[in-house]
Amino acid sequence: DELSRYSIDPKIRIQGASKQCRQKWTQGDYYVQRKKHIVMAEHAYRNMSVPLQSIFVSIREPVARIISHFVMRNELKKGTGSRNLTNFIQSSPYYETFSKLQTLLVLPETRENNTLLNNSTELKRVACEIMSKVAWVGLTEKFDCSVCLLHSMFEFPHHPLEKFNMRPARVYGFNVSEVGRMIRENDTLIDDIIHKCAKARFESDLLKFAPHCC
């Protein structure tokens, strides 16, 4: 009952999801694909009533996350050349949002407390504390290693498609690494802090539980 206060509309049918699973979806941004009768979560904020010890988190390298958003929206077809594409990304109104999105999702209190976002020392303390207390932390750039670590820590049963990329990125003939490097020339992203905390936790768990995974 407590979790239901934070859950999405219970009248919406989430295909294949139990009531307990639905209750872990927070009041974030989501939309319903009516024709397919499924819910697609765009931004699922951490439910702060759920104990950290029962939360599993996967963090993505921040620049890769930003580029992925523009690829998904097919907007990088509009430019040619790494510099032009970089300028287009950085001038977009979406750029600021996606430079801190993962921080907002994992630390939903930052949506109401901008001072925390502007204080890198305190933000690092809070982010690393959260990362140290959740059940498991994975990195999308180390996906196979993360899945291996998950099994080593919790002995979950294997799924035959657990390492299969269900949504491969659509790249339109530009150099992703070069665009990423150019973005890094000028900006330090807010999400870099939580990514570094996640990476430290991930590498620590690998050494402790699964040195064979990577």
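Scroll up to find the structure this text is about.
Residues numbered from 1 in each chain as written. Predicted model: local features only at pLDDT ≥ 70, side-chain atom pairs only at ≥ 80, totals over all residues. Heavy atoms only, no water.

A.B. asks: Explain the overall build of the protein here, please?
C.D. replies: Helices and strands together make up the secondary structure of the protein, namely 10 helices and 4 strands. Going from N to C terminus, the protein has its helices and strands arranged as α-β-β-β-α-α-α-α-α-α-β-α-α-α. In the protein, 63% of the contacts between residues at least 6 apart in sequence involve partners at least 24 apart. Only carbon and sulfur atoms are counted for the fraction: they give 52% of the accessible area of the protein, which is about 13,000 Å². (Helix = DSSP H or I, 4+ residues; strand = E, 2+ residues; numbered from the N terminus. Contact = heavy atoms within 4.5 Å. Areas by Shrake-Rupley, 256 points an atom, 1.4 Å probe, with all protein chains shown as cover.)

A.B. asks: So what exactly am I meant to see when it comes to the packing of aromatic side chains here?
C.D. replies: Each aromatic ring pair is characterised by the separation of its centres together with the angle its planes make. All told, the structure shown has 5 aromatic pairs when counted by the stated rule. Where phenylalanine 56 meets tryptophan 136, the ring centres are 6.3 Å apart and the plane angle is 40 degrees; that geometry is what we call tilted. One end of the pair, phenylalanine 56, is in strand S3 (residues 56-59); the other, tryptophan 136, is in strand S4 (residues 136-139), with 80 residues separating them in the sequence. Using a relative accessible area of 10% as the deciding quantity, one classes tryptophan 136 as buried. Residues phenylalanine 154 and phenylalanine 156 carry aromatic rings whose centres are separated by 5.5 Å and whose planes lie at 20 degrees to one another, so their mutual orientation is stacked. A relative accessible area of 31% means that phenylalanine 154 is categorised as partly exposed. One aromatic cluster in this structure is built from Phe56, Trp136, Phe154 and Phe156. (Phe/Tyr/Trp six-rings, centres within 6.5 Å; stacked < 30°, edge-to-face > 60°. Buried < 20%, exposed > 50% of the residue type's maximum accessible area, 1.4 Å probe, protein only.)

A.B. asks: Mind showing me how you'd approach the pairing of S4 here?
C.D. replies: Every other side chain in a regular strand lies on the same face of the sheet, so the side chains alternate between the two faces. Neither face of S4 is exposed, since Trp136 and Gly138 on one face and Val137 and Leu139 on the opposite face are all buried. Here 4 bridges tie S3 to S4, and the two strands are oriented parallel to one another. Within the sheet, the bridge partner assigned to isoleucine 59 lies in S4 and is leucine 139. (Pairing = 2+ DSSP bridges.)

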